[in-house]
Amino acid sequence: MLNRIWFWLLVIGVGYGLAKGTAQSVFGPASEWGWVQAAGLDDPPAGDPPLDAEALAAQQLPVNDSPLAPLQDAGKELTEAALEGATVSVEICLGLIGVMALWLGMLAVARDAGMVDGLAWLLRPVMRWLFPDVPDGHPAQGSILMNMSANMLGLDNAATPFGLQAMRDLQTLNPHKETATNAMATFLAINTSSVTLIPSTIIALRVTQGSENPASPLFGMLLATIASTIVAIFTVRFLSRLPQFAAPPADEPAGDDSAEGDASQAASNEGEDA
Amino acid sequence: MESFREISETFSQWTIPAALLLIVLVAAWRRRPMYEEFVTGAKEGFNVAVMIIPYLVAILFVIKVFLASGMFDDVKWGARFVARTAGVSEDFVEGLDLLPLALTRPLTGSGARGVLVQVYDEHGTDSFIGQTATLMMGSTETTFYILSVYFGAVQIKRFRHTLPACLIADICGLIAAVAIGCMLFGGS
């Protein structure tokens, strides 16, 4: 599934950029096309308006008046986007190192002091219903709860380290190390739709944008996220029972060595096509 | 509402210091070697952060390329064109400004924030469109990013039903956001 989405994102992205650049090279800039002007929308057609010669001269940039300029620009933008994506992701991870170390360090202290287990013990009926595959008292319960509480309070920085720790704890229960378990799917579905009590990032953004009442969407957001979390829990339950998403049978040896992993991956891809 | 906002703001500023203090106090009460425990945990954090790099590069660069093709802007423009030609009400045409936000949100957090700021600039933060956009932003997550990072940390390659389940939940979150936005802020 991810293979295919990855492939199509890349193909559509490059293909669309190529087609748009070519069209603009052949027919001139989109803002001058007859039917676009005839559409009569007040907003300019998508894309940055081409800099005119004066603006370029003001910035002392050479005027590219070649008829192929739009095509060249499109290619340049795609190249820059690809390189920027790679750079940004490494920056994100480097920035994450310190935060991860801080929060996983505190999590270790809290766990050692028995606080995490205490929290898990309090909420064990909920956890048992949500994650029937996770035994009582397993460390995964604690880290899942820490992640959920950080998410609810809008502490994005703390939620990621707890969440990654939860994935690692869940992985210890996984018989097939390259395939997601039901518990992981449930955890991520709840995580991505998480109930929000205090959306601190969004409130901060609204303050900087000059809102008179920055906290006004708080209540609506709570309702909307409760709805999406309920849907997430039931959807993930339902989908896990469908044959095309079935986990490999438990007696099959875990596909740890690469050849076997490839073979079973190919098999699962065929299953998707059917 | 103003005092409520102040209380919630104060509360959110003090969550982290309070949590840190609580953990350390309980650990001291239990007489645990907290410094050693902290360093052990922190070491793991370093490893996880480095391990997710390849997974994040794989997903982010593809998303960036896709967004750079300018397709979403054209989709928004095309949708407006079709809606005007079909002669639907002007309110609905305005609402189409929310479309790029709905499409960008599962792909990238920073991109979606950019789109949100654009919506605020055009319609105002406290307008119906602005409020609904805020709800849409808050009730969904950057699903693709989260899945690749979280699964990358444990090197899982087959996601099974996780992606469809998360996307369905996202769509429901968006629908709920628009519905609640209409109920709470519509008609003004």
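Keep in mind the model is a prediction, meaning the values are calculated, not measured.

Another point: the packing of helix α8 (residues 156-171) of chain A against helix α9 (residues 143-153) of chain B. Viewed as axis vectors pointing N to C, α8 of chain A and α9 of chain B meet at an angle of 50°, and their least axial separation amounts to 8 Å. Between α8 of chain A and α9 of chain B, the angle falls in the class oblique. Like other packed secondary-structure pairs, α8 of chain A and α9 of chain B cross with a definite hand, here right-handed. Across from A159, T160, G163, L164, M167 and R168 of chain A in α8 of chain A, the residues of α9 of chain B making contact are V149, Y150, F151 and A153 of chain B.

One turn of an α-helix holds 3.6 residues; hence residues three or four places apart share an orientation. Counted at 1.5 Å a residue, the expected span for helix α3 (residues 53-68) of chain B with its 16 residues is 22 Å, and the 22 Å between its end C-alpha atoms agrees. Looking at α3 of chain B, one finds that the buried residues are I53, L56, I59, L60, V62, I63, V65 and F66 of chain B. Looking at the buried positions of α3 of chain B, the neighbouring elements they touch are α1 (2-27) and α4 (69-112) of chain A together with α2 (34-51), α4 (71-86) and α9 of chain B.

To describe two helices that pack against each other, one gives the angle between their axes and the distance between the axes. Residues and elements named next belong to chain A. Where helix α7 (residues 139-152) meets helix α9 (residues 182-192), the closest approach of the two axes is 10 Å, and the angle between their N-to-C directions is 15°. Judged by the angle between their axes, α7 and α9 are roughly parallel. The chirality of how α7 crosses α9 is right-handed. Across the interface between the two elements, I144, N147, M148 and N151 of α7 pack against F187, I190 and N191 of α9. Considering only residue class, the contact of α7 with α9 consists of four nonpolar, three polar and no charged.

Next up on the list: the domain arrangement of chain A. Quoted interface sizes are often the accessible area lost when the parts come together. Residues and elements named next belong to chain A. Parsing chain A into structural domains produces domain 1 (80-113) and domain 2 (114-245). For domain 1 and domain 2, the distance between their C-alpha centres works out to 19 Å. Roughly 1100 Å² is buried in total at the junction of domain 1 and domain 2, and carbon and sulfur atoms are behind 74% of that figure. It is W103, L107 and R111 in domain 1 that bury the most area against domain 2; as a group they hold 52% of the surface buried on that side. At the boundary of domain 1 and domain 2, one finds one salt bridge.

With 74 residues, the main nonpolar core has F131 and F187 of chain A together with F151 of chain B as its most contacted residues. The two domains that each donate at least three residues to this core are domain 1 (80-113) and domain 2 (114-245) of chain A. The residues touching F131 of chain A, leaving out its near neighbours within four places in the chain, are I144, M148, A183, T186, F187 and I190 of chain A.

On to the interface of chain A and chain B, then. Of the residues lining the interface, 113 residues belong to chain A; the matching set on chain B comes to 101 residues. Surface buried jointly by chain A and chain B totals about 9400 Å² across both partners, of which 74% is contributed by carbon and sulfur atoms. The salt bridge involving D112 of chain A is made with R32 of chain B; its shortest N-O contact spans 3.0 Å. There are 22 residue pairs in polar contact (both at pLDDT 80 or more) connecting chain A and chain B. For the side of chain A that touches chain B, the elements supplying multiple residues, two or more each, are α1, α2 (34-39), α4, α8, α9, α10 (200-208), α11 (218-240) and α12 (258-273) of chain A. It is α4 of chain A that contributes the most residues to the side of chain A that touches chain B, 25 residues altogether. Across the side of chain A that touches chain B, the residue classes break down as 68 nonpolar, 34 polar and eleven charged.

With that settled, the discussion passes to the packing of aromatic side chains. Under the definition given, this model contains six aromatic pairs over all chains. For the pair W6 of chain A and F61 of chain B, a centre-to-centre distance of 6.2 Å together with 75° between the ring planes defines the contact as edge-to-face. With one member in each of two chains, W6 of chain A in helix α1 and F61 of chain B in helix α3 form a pair that bridges those chains. Its relative accessible area of 22% is what places F61 of chain B among the partly exposed residues. Here W103 of chain A and F162 of chain A contribute two aromatic rings whose centre-to-centre distance is 5.7 Å and whose plane-to-plane angle is 70°, an arrangement assigned as edge-to-face.

Residue and element names in this part refer to chain B. Mean pLDDT over chain B: 84, with 95% of residues reaching 70 or higher. Mean pLDDT in chain B bottoms out at helix α5 (residues 90-95), which sits at 74, and peaks at helix α10 (residues 162-185), which reaches 89. Across the predicted assembly, pTM comes out at 0.78 and ipTM at 0.83.

Per the UniProt record, the feature "domain: Nucleoside transporter/FeoB GTPase Gate" (unreviewed entry) sits at residues 94-202 of chain A. The span residues 94-202 of chain A is 72% helix and 0% strand, and its two end C-alpha atoms sit 24 Å from each other.

A few words now on the environment of T225 of chain A. Inspection of the secondary structure puts T225 of chain A in helix α11. If near-sequence neighbours (up to four positions away) are discounted, T225 of chain A is found in contact with S193, S194, V195 and T196 of chain A together with G138 and S139 of chain B. There is a polar contact of 2.8 Å between the side chain of T225 of chain A and the backbone oxygen of M221 of chain A.

What follows deals with α1 of chain A. Here α1 of chain A spans 37 Å end to end across 26 residues, near enough to the 38 Å set by a 1.5 Å rise per residue. Considered for burial, the residues of α1 of chain A that qualify are L9, G13, G17, G21, Q24 and S25 of chain A. Where the residues of α1 of chain A are buried, they touch α4 of chain A together with α3 of chain B. Among the residues trailing α1 of chain A, G28 of chain A stands out with phi positive, at a value near 85°.

Calculation rules
- Residues numbered from 1 in each chain as written.
- Chains lettered and ligands numbered in written order.
- Predicted model: local features only at pLDDT ≥ 70, side-chain atom pairs only at ≥ 80, totals over all residues.
- Heavy atoms only, no water.
- Axes fitted to C-alpha atoms, helices over the stretch in contact; angles between N-to-C directions.
- Helix = DSSP H or I, 4+ residues; strand = E, 2+ residues; numbered from the N terminus.
- Parallel < 35°, antiparallel > 145°, perpendicular 65-115°, else oblique.
- Left-handed = near helix turned anticlockwise from the far one by under 90°.
- Contact = heavy atoms within 4.5 Å.
- Expected span 1.5 Å × (residues − 1).
- Buried < 20%, exposed > 50% of the residue type's maximum accessible area, 1.4 Å probe, protein only.
- Nonpolar A, V, L, I, M, F, W, Y, C, P; charged D, E, K, R; others polar.
- Domains from an automatic or database assignment.
- Buried area = accessible area lost by both parts, 1.4 Å probe.
- Salt bridge = Lys/Arg side-chain N within 4 Å of Asp/Glu carboxyl O.
- Core = buried A, V, L, I, M, F, W, Y, C linked by side-chain atoms within 4.5 Å.
- Polar contact = N/O pair within 3.5 Å; in protein donor to acceptor, adjacent residues only side chain to side chain.
- Phe/Tyr/Trp six-rings, centres within 6.5 Å; stacked < 30°, edge-to-face > 60°.
- pLDDT = per-residue confidence, 0-100.
- UniProt positions renumbered as here; feature names shortened; annotations may be inferred.

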